[in-house]
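# Results of the structural survey
Here are the chains, one letter per residue:
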Amino acid sequence: MVKKTSPSNAPWVVLLLLTLIGIALSVDLTYIHVKANLDPTHQSFCSPNARFNCDNVARSTYSRFLDAPVSVWGLFGYLLILLTALLGRLRAARSPALLGILFFFTGVSTLTSAWMGYLSFKHVDALCILCLTTYVINPILLAMTWVMIKQQEHSLGTALAAGIEWSTSKLQYTLLVGFVAVLIPLAYPKYWEKNAGPQVKQPSTVNLAQLPNGADEKGHPWIGSTLPAFTITTFSDYECPFCQRANFQLRQLIADATDTVRVIHRHYPLDQACNPTIQQPFHAKACTMAYAAYCAAQQGKFWSFNDMLYLQGKRLSKDGLADKAKEMGLDVSTFSQCVTSEAAKEYVAQDLKDGTKRMVQGTPSFFLKGQDDDLPQGTTPEGSAWIGAEKPVVTIEEFADYECPFCRLAHEKLRELVRQNKGKVRLIHRHFPLDQSCNSMVKRPFHQKACLLAQAAECAGKQKQFWPMNDLLYQTHKKLDKQRIIDWSFYMGLDRKAFQACLDQNATNAHIQSDIEAGQRYKLRGTPAFRMNGKLYTSMIPPKELQAALQGGSIKALPRSPVLRRTPVPSTRPAATSKPASSVAPRKP
């Protein structure tokens, strides 16, 4: 008698392991989908460049099916495969019914993978490495199911027929699966609509009416401050979904910093039609849209046309662009001639050349230039940021709080003093936030963001951008919270993840604490306060003493300011309204 060998467990083990990997990938892809659609500054680990970019795929409309991310449907499918495989293993290892159902689920997953792969290569301007991994897993699951059917000596038709019979006899399970499938698109939150066209279009329109804008000496369009403390130059592509979201978020951010920040737009279309660094078809309309934006700028309509291109440009033909130009009040004949002109091509080519020189690797890319980049900058041995003379005649330390309005006024005057006396004056920033969360001298809630703002300045300093962040914090602190500061770090060209991690590091707090302890040793009772060449001043340094410190040199004196006062440390006593403002616990500015 020949003994019948039992089927190998290997196909079942492979199927189980791959299904678990598929579940893990689906969870990760769902997380990426949420972050990519809610946070335009997010960059996942699987987005190394413009071609292989999970974030851009997640922002594509192809990443959703029936109002839920494809990854959520994938997670649902993998869970069904896992449940069916375990049920078949535990209850009826040789049952053709559950093997038939398993073959149906893995077959649907494989067909879905083939379709999504086609869309990725033909219609989505990026590839998702994690998605591609699932496209490989799914046909292997189908193959393992086929092997298990053959091991049980069933035909495929028999297994499928048995599966259908089981599904109808166990109707409660079939209805439950159907109910969950209907519930997914109904219950899943539509968070991607927060960054959709109508939602981002309105803030842009409002801000555009409020913000100054123009062109610099080289003809590059700018928006924001007329006298900026720092300038952000962005290299962008109108077919890049990340650029679209960055454009509108940055517009909202600079609307809160119109006295401080200017944004300059530069073109960097990822289109081989005009960009020699692109070796294969990619953003096939990007060059034409860049030419169109240039031509709109020639008629004074750059920013409104820019916003239209981000929202609708990908769907427009050349005739469609001309129709939009007409709607916006442009001279259509002049516009149409300009789009194909050598001037437009040369302008975009120069932007591409400049972007390549700056080592642009993808879009959007941001570059920061501060107003005092020409001045020497560094840190003291104790870790405090300084700006001005490398070998100073006069050294001024300012103890300041970013929420103190008098500190801002004093700081602006000191920065001007440093500029006018290059090589003679050095300014050192010391933190003294009037915030009880880090300053033990403050006994009641007062400047409740001051410690966070001080940390932000220190973290920017670790990436050599202390002074631009310092300027931003002074001007916009009322509208900043932790998330907005992190968003700003990205647009200022900082490593966003490193910056965010730094905000919570003890080393940052330790340096701020050392400044606070120094202020306490000097018995500071408010901000701003100054030390010049070792001498303490609790109000603006008198011009005569500055002259004396320079031994009769030609230093230009600080302008007098009748509004410059100090913000005292708040006491625990309630404010007495009958006393002058300078002698009572102040109200929060």
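Keep in mind that what you see is a predicted model, and the values were worked out from it rather than measured. All chains use their own residue numbering, which begins from 1 and follows the written sequence. A pLDDT threshold of at least 70 governs which residues receive local features in this predicted model, and a stricter bar of 80 or more applies before side-chain atom pairs are shown or counted, although totals over entire chains, interfaces and linings include all residues. As a convention, hydrogens and water are excluded, and side-chain values are obtained from all of the structure's heavy atoms.

## Concerning the environment of Phe65
Secondary structure elements are taken from DSSP: a helix is a run of H or I of four residues or more, a strand is a run of E of two residues or more, and numbering for both begins at the N terminus. Turning to its location among the elements, Phe65 is positioned in strand 1 (residues 64-65). Spatially, the C-alpha atom of Phe65 lies 8.4 Å from that of Pro185, the residues being 120 residues apart in sequence.

## So, the state of the cysteines
Count a disulfide wherever a pair of cysteine sulfur atoms falls within 2.5 Å. Considering all chains together, one arrives at five disulfides under this definition. For Cys295, the disulfide goes to Cys338, at an S-S distance of 2.1 Å. Since a negative S-S torsion denotes a left-handed disulfide, the Cys295-Cys338 link at about -90° is left-handed. Placement of the pair is Cys295 in helix 10 (residues 286-298) and Cys338 in helix 13 (residues 332-339), with a sequence separation of 43 residues. Throughout this description, buried means an accessible area under 20% of the type-specific maximum (1.4 Å probe, protein chains only), exposed means over 50%, and partly exposed covers the range between. Given the relative accessible area of 1%, Cys295 is considered buried.

## A few points about the side chain of Asn439
Inspection of the secondary structure assignment puts Asn439 in the loop between strand 11 (425-431) and helix 16 (450-461). Reaching out from Asn439, the side chain makes a polar contact with the backbone oxygen of Pro433 at a distance of 3.0 Å. Counting of polar contacts relies on pairs of N or O atoms within 3.5 Å, with two restrictions inside protein: one atom must be capable of donating a hydrogen and the other of accepting it, and residues adjacent in sequence are counted only when both atoms are side-chain atoms. A polar atom in the side chain of Asn439 sits 3.0 Å from the backbone nitrogen of Met441. The contact criterion used throughout is that any non-hydrogen atoms of two residues lie within 4.5 Å. Sequence-distant contacts of Asn439, that is, excluding residues within four places in its chain, are made with Phe432, Pro433, Ile516 and Gln520.

## Regarding the environment of Ala498
Following the sequence through the fold, Ala498 ends up in helix 19 (residues 496-502). C-alpha separation for the pair Ala498 and Ala460, spaced 38 residues apart in sequence, amounts to 9.8 Å.

## Focus: the pattern of salt bridges
Any two side chains of opposite charge can pair, on the condition that their charged atoms come close. The term salt bridge refers to a pairing of a side-chain nitrogen on Lys or Arg with a carboxyl oxygen on Asp or Glu at a separation within 4 Å. In the structure shown here, the tally under the stated rule is 18 salt bridges. Glu416 is paired through a salt bridge with Arg419; the nearest N and O atoms lie 2.9 Å apart. On the criterion of helical spacing, the pair formed by Glu416 and Arg419 is a turn pair, its members being three residues apart in helix 15 (residues 405-420). Assessed through its relative accessible area of 24%, Arg419 is described here as partly exposed. Connected through salt bridges with shared partners, the residues Asp372, Arg415, Glu416, Arg419 and Asp471 form a single ionic network.

## A few points about the nonpolar core
Nonpolar core, defined: a set of buried Ala, Val, Leu, Ile, Met, Phe, Trp, Tyr and Cys residues in which side-chain atoms within 4.5 Å join the residues together. Residues Ile232, Phe335, Ile396, Trp488 and Phe499 are the most contacted members of the largest nonpolar core, which totals 98 residues. The next biggest cluster of nonpolar side chains, apart from the first, holds 45 residues, and it includes Leu29, Cys46, Phe76 and Val124.

## Quick word on the packing of helix 16 against helix 17 (residues 466-476)
In this analysis an axis means a line fitted to C-alpha atoms, helices contributing only their contacting stretch, and an angle means the value between N-to-C directions, from 0 to 180 degrees. Two numbers describe how helix 16 lies on helix 17: the axes approach to 7 Å, and their chain directions differ by 155°. One finds that helix 16 runs roughly antiparallel with respect to helix 17. Relative to helix 17, helix 16 is oriented so that their crossing is right-handed. Across the interface between the two elements, Leu453, Ala456, Ala457, Glu458, Ala460 and Gly461 of helix 16 pack against Phe466, Met469 and Leu473 of helix 17. Only Asp, Glu, Lys and Arg are considered charged, only Ala, Val, Leu, Ile, Met, Phe, Trp, Tyr, Cys and Pro nonpolar, and every remaining residue, Gly among them, polar. When grouped by side-chain class, the residues that make up the contact of helix 16 with helix 17 number seven nonpolar, one polar and one charged. An angle below 35 degrees is read as roughly parallel, one above 145 as roughly antiparallel, one from 65 to 115 as roughly perpendicular, and any other as oblique. In this scheme the crossing of two helices becomes right-handed for a clockwise turn of the near helix relative to the far one and left-handed for an anticlockwise turn of less than a right angle.

## As for the sheet that holds strand 6 (residues 261-267)
Taken together, five strands build an open sheet; the order of strands is 3-4-6-5-7 and the sheet is mixed. The sheet is open, and its two edges are formed by strand 3 (213-215) and strand 7 (365-370), each paired on a single side. Neighbour-to-neighbour, the strand axes of the sheet open up by a mean angle of 25°, direction not taken into account. As defined by bridge partners, strand 3 adjoins strand 4 (residues 221-224) across three bridges and the pair is classed as antiparallel. Its bridge partner being in strand 4, Asn213 is matched across the sheet by Ile223. Against the sheet, helix 9 (residues 241-255) makes contact with strand 4, strand 5 (230-236), strand 6 and strand 7, and its axis sits at roughly 160° relative to strand 6, the strand it touches most. Any two strands with at least two DSSP-identified bridges between them are counted as paired.

## Concerning the sheet that holds strand 10 (residues 394-400)
Ordered in space as 8-9-11-10-13-14, the six strands form an open sheet in which the pairing is mixed. Only two strands of the sheet have a single partner each, and these edge strands are strand 8 (377-379) and strand 14 (535-537). Adjacent strand axes in the sheet meet at a mean angle of 25°, parallel and antiparallel pairs treated alike. Pairing of strand 10 with strand 11, which is carried by seven bridges, proceeds in the parallel orientation. Among the inter-strand pairings, Thr395 is bridged to a residue of strand 11, identified as Arg426. Running at roughly 100° to strand 11, helix 20 (residues 506-521) makes contact with strand 10 and strand 11 of the sheet.

## A short note on helix 6 (residues 156-169)
Residues that lie three or four places apart on an α-helix share one face, since the helix turns once every 3.6 residues. One less than the number of residues in a helix, times 1.5 Å, gives the span that helix is expected to have. When the terminal C-alpha atoms of helix 6 are compared, their 20 Å separation across 14 residues agrees well with the 20 Å that a helix rising 1.5 Å per residue should span. Among the residues making up helix 6, those that are buried are Ala159, Ala162 and Gly163. Considered in projection along helix 6, the buried side chains sweep an arc of 105° and stay on one side of the axis. For helix 6, the exposed residues lying more than 90 degrees away from the buried face are Ile164, Glu165 and Thr168. Those residues of helix 6 that are buried are in contact with helix 4 (96-122) and helix 5 (129-151). Taken from the helix axis, the directions to the C-beta atoms give the arc we talk about.

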